[in-house]
Amino acid sequence: MKKKKEKKENKDQVNEPLAIYGNNLRFFQSFEEQEKAELEEMASLSSVEILQHLRRFINTAYGMHGYNPDVLPSKHNISNIKYV
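Residues numbered from 1 in each chain as written. Predicted model: local features only at pLDDT ≥ 70, side-chain atom pairs only at ≥ 80, totals over all residues. Heavy atoms only, no water.

**A word on the overall build of the protein**
Working step 1: Secondary structure summary: the protein contains three helices and zero strands in total.
Working step 2: Order of helices (α) and strands (β) in the protein, N terminus to C terminus: α-α-α.
Working step 3: A buried classification covers 2% of the 84 residues belonging to the protein.
Working step 4: Carbon and sulfur atoms make up 55% of the accessible area of the protein, which amounts to about 9600 Å² in all. (Helix = DSSP H or I, 4+ residues; strand = E, 2+ residues; numbered from the N terminus. Buried < 20%, exposed > 50% of the residue type's maximum accessible area, 1.4 Å probe, protein only. Areas by Shrake-Rupley, 256 points an atom, 1.4 Å probe, with all protein chains shown as cover.)

So this is what it looks like as structure tokens:
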């Protein structure tokens, strides 16, 4: 029987693709510093940009992919779904 070579795991290394995060990672020294930076970032956005961020969060939460804010539907339907 041959023994399989086991790979040593380096617990200090993260093997995740950088493409998921991009190059926009920021590190903070405290939660207060993080909150201050987030508030400054939100304050710099226009009302339209804030609504676009909100729409993106809603789309992600409900799995609505391919939403284009420039091509809005002309008719909206709201229906009640009977819970069984």
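**So, a negative patch on the surface**
Working step 1: A contiguous patch of negative charge on the surface is contributed by Glu-32, Glu-35, Glu-38 and Glu-41.
Working step 2: Relative to the elements of secondary structure, Glu-32 occurs in helix α2 (residues 31–43). (Patch = residues over 30% accessible without salt bridge, like charges linked within 9 Å, V, L, I, M, F, W, Y side chains within 5 Å. Salt bridge = Lys/Arg side-chain N within 4 Å of Asp/Glu carboxyl O. Lys, Arg positive; Asp, Glu negative; His and termini not counted. Charge placed at Lys NZ, Arg CZ, Asp CG, Glu CD.)

**Description of the confidence of the model for the protein**
Working step 1: The pLDDT averaged across the protein works out to 77; a share of 67% of its residues lies at or above 70.
Working step 2: The weakest mean pLDDT in the protein belongs to helix α1 (residues 18–21) at 61; the strongest belongs to α2 at 94. (pLDDT = per-residue confidence, 0-100.)

**Considering helix α3 (residues 47–62)**
Working step 1: Here α3 is 16 residues long and its end C-alpha atoms lie 23 Å apart, about the 22 Å a rise of 1.5 Å per residue gives.
Working step 2: Just downstream of α3 lies Gly-63, where phi reads positive at about 70 degrees. (Expected span 1.5 Å × (residues − 1).)

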